[in-house]
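# Residue-level structural notes
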Amino acid sequence: MTPKTELDRRSFLKATLLTGGALLIGTNLPFTSRAEERFGIEAEPAAEFHPNAFIKIAPDGKVTVVVGQAEMGQGVLTSLPMIVADELEVDWKDVTFEHGPPGAAFINPALGGQITGGSASIRGLFDPLRKAAAATREMLVTAAAQQWSVPVEQLRVRNGEVFHPTSRRTAKYGTLLAAASKVTPPTAPKLKDAKDFKFIGKNVKRLDTPEKVNGSGIFGMDIKVPGMLTATIMRSPVIGGKVKTFDDSAAKAVKGVRHVVQLESGIAIVADNYWSAKKGRDALNVVWDEGKMASVSSDKLYQADVAAAATAKGIEAKKIGDIAAGKAKAAKTIESVYWAPFLAHATMEPMNATADVKADRCEVWSGIQAQMVVQQMVAKELSMPPEKVTVNNTLLGGGFGRRLGEYVIDAVKLSKSVGKPVKVVWTREDDMHGDFYRPSAYNKMSAGIDAAGKPVFWQHRIVSPSIMATLGPGLFGFAPPPDRLDDTSTEGASNLPYDMQNLYVDWVRTDPGVPVGFWRSVGSSHTAFSTECFLDELAFEAKKDPLAFRLSLLEKHPRHAGVLKLAAEKAGWYKPAPKGIFRGIAVHESFASYVAQVAEVSVDKKTGKVKVHRIVCAIDCGQVVNPDTVAAQMESCIIFGLTAAFYGEITVKNGRIEQRNFYDYKMLRMNETPKIETYIVPSTEKHGGVGEPGTPPTAPAVVNAIFAATGKRVRSLPIKPADLREVA
Amino acid sequence: MTKLSVNRKQYEVDDDLDTPLLWVIRDSIGLTGTKYGCGVAQCGSCTIHVDGHAKRSCVTPMKAAVGKEITTIEGVSPDSTHALQKAWIAADVPQCGYCQSGQIMSAAILLKENKRPTDADIDSAMSGIICRCGTYPRIREAIKQAAINGGGK
Amino acid sequence: MSIFSNKTFAKLGVVAVACLTLAGFALSERLEVSPVEGSVVNEAEIAASADPAKAKAAFNEAVKVFFSARCANCHPAGDIPTQGDEMTPHAQGVTRGKDGKGVYGMTCTTCHQDSNLEGEHMPPGVPNWHMPPANQKMVFQGLTARQLCIQLKDPKRNGGRKTPKEAIHHLEGDPLVTWAWTPGNGRSVPPMSYEDFMKAMNTWVENGAACPE
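First, a word on scope: everything that follows refers to the structure included in this document.

What counts as what
Counting restarts for each chain, with residues numbered from 1 along the sequence as it is written. Key to labels: chains lettered from A, ligands numbered from 1, both in the order written. Where totals are concerned, whole chains, interfaces and linings use all residues; where local detail is concerned, this predicted model gives features only for residues with pLDDT of at least 70, and gives and counts side-chain atom pairs only at 80 or more. The side-chain figures draw on all heavy atoms in the structure; neither hydrogens nor water molecules are used. Following DSSP output, two strands are said to pair if at least two bridges run between them. Every helix listed is a DSSP run of H or I at least four residues long, and every strand listed is a run of E at least two residues long, numbered separately from the N terminus. Throughout, an axis means a line fitted to C-alpha atoms (over the contacting stretch in the case of helices), and angles, computed between N-to-C directions, take values from 0 to 180 degrees. It only takes one pair of heavy atoms within 4.5 Å for two residues to be counted as in contact. Joining two parts hides part of their accessible area as seen by a 1.4 Å probe, and the buried area is that hidden amount summed over both. Put simply, a salt bridge is a Lys or Arg side-chain nitrogen that is within 4 Å of an Asp or Glu carboxyl oxygen. Using a 1.4 Å probe on the protein chains alone, a residue whose accessible area is under 20% of its type maximum counts as buried, one over 50% counts as exposed, and one in between counts as partly exposed. When an angle is under 35 degrees it counts as roughly parallel; over 145 it counts as roughly antiparallel; between 65 and 115 it counts as roughly perpendicular; any other value is oblique. In this scheme the crossing of two helices becomes right-handed for a clockwise turn of the near helix relative to the far one and left-handed for an anticlockwise turn of less than a right angle. Amino acids outside the nonpolar list (Ala, Val, Leu, Ile, Met, Phe, Trp, Tyr, Cys, Pro) and the charged list (Asp, Glu, Lys, Arg) are all regarded as polar, and Gly is one of them. Among buried residues, the Ala, Val, Leu, Ile, Met, Phe, Trp, Tyr and Cys ones that are joined through side-chain atoms within 4.5 Å form a nonpolar core. For Phe, Tyr and Trp, where Trp contributes only its six-membered ring, two rings pair if their centres lie within 6.5 Å, and the inter-plane angle classes them as stacked under 30 degrees, edge-to-face over 60, or tilted in between. By definition here, charges over rings are those cases where NZ of Lys or CZ of Arg is within 6 Å of the ring centre and within 35 degrees of the ring normal.

### Details of the sheet that holds strand β15 (residues 352-357) of chain A
Residue and element names in this part refer to chain A.
- Strands sit in the order β10-β11-β8-β18-β15-β16-β17 across an open sheet of seven strands; the sheet is mixed. Looking along the sheet, the strands with just one partner apiece sit at the ends: β10 (257-262) and β17 (389-393). Averaged over all adjacent pairs, the angle separating strand axes in this sheet is 20°, with direction ignored.
- Strand direction decides the pairing type here: β15 and strand β18 (residues 422-425), joined by four bridges, are antiparallel. The partner of A353 across the bridge, within β18, is V424.
- Lying over the sheet, helix α11 (residues 371-382) contacts β15, β16 (362-366) and β17, oriented at roughly 145° with respect to β17.

So, in structure tokens, the structure goes:
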């Protein structure tokens, strides 16, 4: 992107923000595209050709790809435009992006909503974007054919222009806009042959990097609206607690504090700026009605899980063969319990949202993974039709499943209450305490092998709270009944790829009262740990090499086997590791991608401290759009997985989340980061996701390596060095 | 009113002298490239330079910068051409991007004082800045590339 | 050995230090009592009033301060300071640096200010927050009282302070030292008051600065 384009985009964004969503674009050549009517997009007086929701072409040939997905680091602001640029046949330097509004056109067919999650952006939008771009290209070609009175078949396109080889005539796209806008969009445009892709499958530099290295990128936290006030909210320290009484006299005396507003969620201090709001909040005195969670603590929750695993009736997630018959054949049976704790998302940008509520409309600004849901929520809150609610999505300072958007509502309520635009800022501590946590998972596992070391049964019970019970009502309008499976709890376990003739996976739903949600790789974030470590235990009992054991059970799953072999080859699995270094391996499928990782670790015998030296990662995610983004996402997923493996643990005491900030909810840092190598399996298969599938195999690969190093099996996360010390 | 010099421009603000520089810079002066991440000097997203030294602006009271030159990410180069910014773009370092101002401001001090940092030097200088997206491997490579390109000039 | 202790002021040469490390306490005690050239203290005066048992007892009391978290955290054995009462390695990979002030963009004063900041887990501070420099690490952590005592008197390791009196000068009113008694935000303080600590250290000096066994 040239600096000029960047400037244009920024001033455009600014204009959009300042004028309540009205698009202020040069109006020298106004027209209305039929396609705009067709796609239900509001007609705008603009010089641009806006044939569909995704694409705008300006008279200077600049192509703006409207991205309705949220950019939270995964690279959609580049990968989605790449798909368009390829099919549209334009120069990459002419391509830019714009954050899309909520709109039916942006619904991801893979998810059924305008939601950014489930590693689904490419999976769901590859085909629709190609089709939209191809249709746009055909409209431009048709326009040229009409102008030159030549058959469409004789025309070619290249680098943003249509040309007629016979007559050597050319026309830049920018000169064809008015004519093209009168062409009826084709319903079945011809797509390029994959062998002709110019961008797809190549390393393309991200379009959003320049604004992220000079401070100009706008996150929700950075939104400024004229007349805006800033609020912080004091929420109950106990989950679900309510305000009993409060004394705001000292808070109101703080310089800059304008309003104190009681909300359902707590007491809001609305001030001229953040620091005044924060100081005002510090001066508040609130007495809380702590409610029933005040007696809940982590140790009690764990005991309840143990009891539930032993006695409760499970909900079946998967059944193959007959466990009893399998047990009868077992020469050796092993049983283990695996435990994964609650985890916080801890995005670098704490939650925040800005709202400006007027009598008949509302505008909000925030980084959101589910814009349409937010639009509906706000509309409901204000009893307005959704089209009166403008949602401006910004860059997201991390998402990982946290930023679905419920935090917008408090800003809306406050703006309505004080009659001014209000930005609500969460402190880091608010963010740590107000999360929807990755559910804890208690896993009771048993398996048997016959005399030849072949598995004869596999039984896995998962005890965990239900994500859909927490988030379903708000997100999808329903919650699963208590006797129905929430497969976000069992995914990755119920589809165990290994050849098991007798398998039973069930789930016991608990309700600890701790809000739970989608956390990068969701169920797989814990099922990969339990299944891949327990399988390693089985390989050990069978006296087989962990890799060979896996491969022997994956004959029907060549893509699992493929990534395992690739990772093992690149890591030198069958060659001796450097002295003191030990290897572990794990493989997992999630979001239609297959990832294997080999971890190389050493363990200090005296302290039990684990050092991860290298992680070799192999991914098969089908057809790749931007290989460098795939590599970046694997690096990201692995570091996220290492943070969870070594540090991640949210605990509850007397109803309070105990962790507060990065000093007690630690993140992996530069000096702890291993060398990471990523290898991509060349593939023409349908796309798999990349934002999440790299996380699940990391913890088990590391834990399996720790076993190789110490003979000690870590079955509870996070890994605790004290457990790994060699007893003198 | 307190006079501050930020990126070689003079400002007058009426914040209390104990207000953390972060909020003076973001809310009063209006430069939002410097980010709030933790408020307790744990994450480094708020890193700025005060008279050429790295400072976590979330814990640095404004009074500590009076009469001194403050540099934020917006002032590190006029047009994103600092060797680190160029290296960051070349290596496609950022993911979500939120921590990157702090990363670059920290790395700038490293390169100013060490023209050819080793991996250990990079660890020492950069382990104060958390990146939740895990861009550390690319930050490391970009710093090395910027050093080769004369970033420590 | 105690008969030698009433003479005072060790001067440990480089070779002697090496010997000390290798040969252990018996030898070091011997070295400790060798007369010091150019001592600023009137030896006769000290000899008259010195009570080695009193010196040792005073040091044994005072050393609890040196070993307390507030003081020992910045006097680690390696190059990574510790933090908290548990004395865990300082987060963020903080390192000493050549001058004891950290490195590059990770200096002590990148976070630590001129005063304690209000709020839990906010960085504590006094002006010029730093550790001992790399060439004079003045280690407290992991030492015995005796080892610390010997180090304190060793000009090669104590910053070139030639006499015990000089050596404890740093303790007198240095904000970095007195901070330990006003660490802020509920941090624990050393097990005796600053006044009692200084009294003990002066008792130690005045009684010939003998080191406990």
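### Notes on the interface of chain A and chain C
- Chain A puts four residues into the contact, and the matching count from chain C is four residues.
- Between chain A and chain C lies a buried interface of about 400 Å² when both sides are counted; carbon and sulfur atoms form 59% of it.
- By the criterion of area lost to chain C, the three top residues of chain A are R660(A), Y663(A) and R669(A), representing 80% of everything that side buries.
- Where chain A packs against chain C, one counts one salt bridge.
- Residue R660(A) is joined to E120(C) by a salt bridge in which the shortest nitrogen-to-oxygen separation is 3.7 Å.

### A look at the pairing of β15(A)
Residues and elements named next belong to chain A.
- Within β15, six of the six residues are buried, which leaves it mostly tucked inside the rest of the structure.
- By the alternation rule, side chains of β15 split into N352, T354 and D356 and A353, A355 and V357, which are all buried.
- Relative to β16, β15 runs antiparallel, the two sharing four bridges. For A355, the partnering residue across the bridge sits in β16 and is V364.
- Linkage of β15 to β16, two consecutive antiparallel strands, is achieved through a turn of four residues.

### Here we look at the pattern of salt bridges
Residues and elements named next belong to chain A.
- Under the defined criterion, the tally for this structure stands at 56 salt bridges over all chains.
- Between K172 and E161 there is a salt bridge, and its shortest N-O distance comes to 3.5 Å. With a gap of eleven residues between them, K172 in strand β7 (residues 169-172) and E161 in strand β6 (residues 161-164) connect regions that are remote in the sequence.
- Looking at E161, the relative accessible area reads 13%, which means it is buried.
- The salt bridge involving D536 is made with R550; its shortest N-O contact spans 2.9 Å. Taken together, the residues D536 in helix α15 (residues 524-541) and R550 in helix α16 (residues 546-552) connect sequence positions 14 residues apart.
- Residue D536 is classed as buried on the basis of its relative accessible area of 6%.
- Using a relative accessible area of 0% as the deciding quantity, one classes R550 as buried.

### A word on the packing of helix α2 (residues 83-90) of chain B against helix α5 (residues 136-148) of chain B
Residue and element names in this part refer to chain B.
- The geometry of α2 relative to α5 is characterised by a closest axis approach of 8 Å and an angle of 130° between their N-to-C directions. Here α2 is positioned oblique relative to α5, judged by the angle of their axes. When you trace α2 past α5, the crossing you get is right-handed. Between α2 and α5, the contacting residues are A83, L84, A87 and W88 on the first element and I139, A142, I143, Q145 and A146 on the second.
- Across the contact of α2 with α5, the residue classes break down as eight nonpolar, one polar and no charged.

### Description of the nonpolar core
- Ranked by size, the top nonpolar core spans 217 residues in total, and within it L88(A), W458(A), V702(A), I719(A), W88(B) and I143(B) carry the most contacts.
- It is helix α4 (residues 121-148) of chain A that provides the largest number of residues to this core, a total of 13 residues.
- Beyond its immediate chain neighbours, meaning those up to four positions away, I143(B) contacts L84(B), W88(B), A107(B), L110(B), L111(B), P117(B), I122(B) and M126(B).
- Judged by nonpolar contacts, the second largest core, of 36 residues, contains L152(C), L171(C), V205(C) and A210(C).

### Some remarks on the packing of aromatic side chains
- Per the stated rule, a full pass over the model turns up 21 aromatic pairs over all chains.
- Plain terms: the ring middles of W92(A) and F199(A) are 5.6 Å apart, the flat faces sit at 45° to each other, and that makes the pair tilted. Here F199(A) lies in the loop between α5 (177-181) and α6 (209-213) and W92(A) lies in the loop between α3 (76-88) and β4 (95-99), a separation of 107 residues in the sequence. We note that W92(A), like F199(A), is buried.
- Through pairs of rings, three or more aromatic residues link up here, namely F59(C), F66(C), F140(C), W181(C), Y194(C), F197(C) and W204(C).
- Note that R520(A) overlies the ring of F640(A), its terminal NZ or CZ placed 5.0 Å from the centroid.
- When the ring centre of F400(A) is taken as reference, the NZ or CZ atom of R132(B) above it lies at 5.9 Å.

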